[in-house]
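Breakdown of the fold
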Amino acid sequence: MLRVVSWNINGIRSPMQGVVCQEPSNCATMAIGRILDELDADIVCLQETKVTRDVLTEPLAIVEGYNSYFSFSRNRSGYSGVATFCKDRATPMAAEEGLSGLLATQKGDVGCYGNMDAFTQEELRALDSEGRALLTQHKIRTQEGKERTLTLINVYCPHADPGKPERLAFKMRFYHLLQIRAEALLAAGSHVIILGDLNTAHRPIDHWDAVNLERFEEDPGRKWMDGLLSSLGCQSGSHVGPFIDSYRCFQPKKKGAFTCWSVVTGARYLNYGSRIDYVLGDRTLVIDTFQASFLLHEVMGSDHCPVGAVLNVSPVPAKQCPPLCTRFLPEFAGTQLKILRFLVPREQDTVLEQSALQLSNQSKVQTCQNKGRVRSTRSRPSQAGSSRGQKNLKSYFQPSSSHPQGSPVLELPSLPGMGALITPKTSEEETLTKVAEGQAKASEAKDEKEVQTSFWKSVLGGPMPTPLCGGHREPCVLRTVKKPGPNLGRRFYMCARPRGPPTDPSSRCNFFLWSRPS
C-alpha cells in the first residue's frame, strides 16, 4: 500500500498546537518529526511552509527516515512555500521545483513541460517565483507486478483577494500552467496526482455558505475545476476531465466535509468552513488503485486539516535521492565554507603545540623577573612615615583633642547669641525628632497621592464596561479593524461565540458596537 497525505501547515517553523513538546526550546525541531510520525504516510506534502532557504535549519529539513524537498519563495520571506517528505521506502527517482521548467537543473528533473507558448518568460518566472509547486516522480508496482511511473504535484495555489483583481488573473494563469504540466506528464505515460491547497471550493456542498454567495457557480476557479475534473463517482460514466476528485469519488454526498476554517472567528468549533484541499488523481489511477480518500479533522495545529489517500500499489525506492534533496544542499552536506575554517587551523601538529607551550612558559618567567627588578628599584618609604599611616578623610572634619605644635589652630569667630541658638540634643531627642519628621513627610505624601488620584478619577471616567451581546446576553469580545479604509485601527465589540450557520442558535449573533465614537 502507498499512503499519501497533504496538509497546509501554515508555517513549518511554528510549534504545532497538536503536538505536546517536553522541551520548549527544541519544540519546532521535534514537532516536524512527530507530525510526520502521526500522519504515518509514505509521502507527506506540506503547503504554506513560510520558510526561505536562508532560515531553513537542518533539523527541520533533514528528518531521520525521510528525504525532503523544498520550494521557496524568491520574492518574500515568511511567505508561501511547499515541501515534500518521502519515506526512504518511497524515495523518488526525480524531483523538480516549479511548473515551468525555468528552475530545473537539467539533472534529476522530472521533465515533460508541454506547450507553454501562451506564456512569456517573465510570466513563467513570476508564476514560479513564489514557491508554489514541487514535483516528485516515483516508481510504483501494481498488484499484478507491473511497474509504473507516478508523478506527484504538490501545489499551493494562489488566493484571489477581492480587493486585488491582478491576483485573480495570477491565480487563473497558475491554474492554466498547472493543467498544461499535468496533462503533458499524462501524455508521456506517467500517472499523475495533484494534491494540496487549490484555494477553491468546487461544489456548493464544499462550502458552508454557498447559497448566500453571489453567482457561486460562475467563479472562474470553479469553472476551471469543472474542466479539469470528471463527473462525481468512480463509475466509467461521461468523461469531462482527465482527473477525479478522490474524496468525492468515495464520499459523493457527504456534507460538512471541510478542510479549512477561519481561526479569527473560531469557525472550526462549529465546522463552519470550506473544502479547498484535494487529492486529485488521473482517472485510470483512481479507478484502478485508489482504496480510500480521507480527511483528518482530528489533527490540529493549522487553519487547515490534512487530507490523503491510500493506493493499492507498492513504492519502488530509487537507489539514490535526486539532487534537489535537502541533504545535498551545501549548508547541510558539510561542503559549505564557514568562517571558523578561516580562523581555526583544520589540523594542529603536536610538535607545534609543545613549542608554543614552551615559548609561553619562557615569556611568563621573563615577565616575572622583569617585574621583580622593577620592584627592587622602587624607593621604599621611610620607617617614620610608615608609622604615621594614611589619614582618614574623617580626620579633617572631626575635632581632635590634641594638635601638633607645628599645625595652626583655626578658631571660629564668636557671634553674639551663638550659645543661645545652639543647644546640644541628646540621642533620644534626635530619634524622636527624626520619627516625627518621617511621619509628617509620609502623611504629606499620602495626602498628595490621594489628591492626585481623586483628580484623575474626576477627569477620566475609566474603561467602558464590557457590553453584553444582544443574542445571548453574554460579555462581548473587543476587536480591531485591520482592513484598510476610514475605520482602520478602530475598535469594536462583537459576540464572543464562534462563527457558525445563522440557523444555529449556539453560533455568533450579529451584535456590533463601536468601543468609542469616531
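An unreviewed UniProt entry lists the protein under the name DNA-(apurinic or apyrimidinic site) endonuclease, with Prolemur simus given as the organism. The UniProt entry for the protein carries the following text under Catalytic activity (unreviewed entry): "Exonucleolytic cleavage in the 3'- to 5'-direction to yield nucleoside 5'-phosphates."

**Here we look at the nonpolar core**
Counting residues in each nonpolar core, the largest one holds 36 residues, and the members touching the most others are Leu2, Ile43, Leu152, Ile193, Phe290 and Leu311. Residues contacting isoleucine 193, with those up to four places away along its chain left out, are Leu150, Thr151, Leu152, Ile153, Val279, Leu280, Gly281, Leu285, Phe290 and Leu311. If you look at the next biggest cluster of nonpolar residues, it comprises 30 residues, including Tyr175, Leu177, Trp224 and Tyr278.

**Concerning the layout of surface pockets**
Taken as a whole, the largest pocket encloses approximately 1,400 Å³ of empty space. Contributions of two or more residues to the lining of the largest pocket are made by α4 (165-187) and α5 (220-228). The element that contributes the greatest number of residues to the lining of the largest pocket is α4, accounting for 4 residues. Across the lining of the largest pocket, the residue classes tally to 17 nonpolar, 12 polar and 12 charged. By volume, the second largest pocket amounts to about 560 Å³. Every residue lining the second largest pocket is counted, 22 residues in all, and those nearest its centre are Thr265, Met494, Arg499, Arg508 and Cys509.

**Focus: the sheet that holds strand β14 (residues 477-480)**
If you trace the 3 strands from one edge of the open sheet to the other, you get β14-β15-β16, paired in antiparallel fashion. Each edge of the sheet is formed by a strand with only one pairing partner; in this case those strands are β14 and β16 (512-514). Averaged over all pairs of adjacent strands, the angle between strand axes in this sheet comes to 30 degrees, irrespective of strand direction.

**Comments concerning the packing of α4 against α5**
Between α4 and α5, whose axes approach to 10 Å, the crossing angle comes to 10 degrees. Considering the angle they form, α4 stands roughly parallel to α5. Residues Leu168, Met172, Tyr175, His176, Leu178 and Gln179 of α4 lie in contact with α5, whose contacting residues are Pro220, Gly221, Trp224 and Leu228. In terms of residue class, the contact of α4 with α5 is made up of 7 nonpolar, 3 polar and no charged.

**What about the packing of aromatic side chains?**
As enumerated under the stated definition, the model contains 7 aromatic pairs in all. Considering the side-chain rings of phenylalanine 492 and tryptophan 514, the 6.1 Å spacing of their centres and the 85 degrees angle between planes classify their relative orientation as edge-to-face. Note that phenylalanine 492 is positioned in strand β15 (residues 491-494) and tryptophan 514 in strand β16, a separation of 22 residues in sequence. What makes tryptophan 514 partly exposed here is its relative accessible area of 27%. Taken together, the ring pairs in this structure connect Phe70, Phe72 and Phe85 into an aromatic cluster. The aromatic ring of tyrosine 79 is capped on one face by arginine 76, whose charged end is 3.9 Å from the ring centroid. Here the guanidinium or amino end of arginine 167 rests over the ring plane of phenylalanine 170, the centre of that ring lying 4.5 Å away.

**Comments concerning empty space enclosed by the protein**
Counted by the stated rule, this structure contains 2 cavities of 30 Å³ or more. The volume enclosed by the second largest cavity comes to roughly 40 Å³. Lining the second largest cavity, in full, are Ser246, Tyr247, Arg275, Asp277, Tyr278, Val279, Ser293, Phe294, Leu295, Val307 and Gly308. The set of elements that each furnish at least two residues to the lining of the second largest cavity consists of α6 (246-250), β10 (277-282), β11 (290-295) and β12 (307-311). When the residues that make up the lining of the second largest cavity are grouped by side-chain class, the tally is 6 nonpolar, 3 polar and 2 charged.

**Examining the UniProt feature "site: Interaction with DNA substrate" (unreviewed entry) in the protein**
When the UniProt feature table is mapped to this numbering, "site: Interaction with DNA substrate" (unreviewed entry) covers His304. Here histidine 304 is to be found in the loop between β11 and β12. Side-chain polar atoms of histidine 304 contact the side chain of asparagine 8, separated by 3.5 Å.

Criteria and cut-off values
- Residues numbered from 1 in each chain as written.
- Predicted model: local features only at pLDDT ≥ 70, side-chain atom pairs only at ≥ 80, totals over all residues.
- Heavy atoms only, no water.
- UniProt positions renumbered as here; feature names shortened; annotations may be inferred.
- Core = buried A, V, L, I, M, F, W, Y, C linked by side-chain atoms within 4.5 Å.
- Buried < 20%, exposed > 50% of the residue type's maximum accessible area, 1.4 Å probe, protein only.
- Contact = heavy atoms within 4.5 Å.
- 1 Å grid on protein atoms, 1.4 Å probe; cavity = no way out; pocket = protein on both sides within 12 Å on 5 of 7 lines; lining within 4 Å.
- Points joined across faces, edges and corners; volume = space filled by probe spheres on them.
- Helix = DSSP H or I, 4+ residues; strand = E, 2+ residues; numbered from the N terminus.
- Nonpolar A, V, L, I, M, F, W, Y, C, P; charged D, E, K, R; others polar.
- Pairing = 2+ DSSP bridges.
- Axes fitted to C-alpha atoms, helices over the stretch in contact; angles between N-to-C directions.
- Parallel < 35°, antiparallel > 145°, perpendicular 65-115°, else oblique.
- Phe/Tyr/Trp six-rings, centres within 6.5 Å; stacked < 30°, edge-to-face > 60°.
- Lys NZ or Arg CZ within 6 Å of the ring centre and 35° of its normal.
- Polar contact = N/O pair within 3.5 Å; in protein donor to acceptor, adjacent residues only side chain to side chain.

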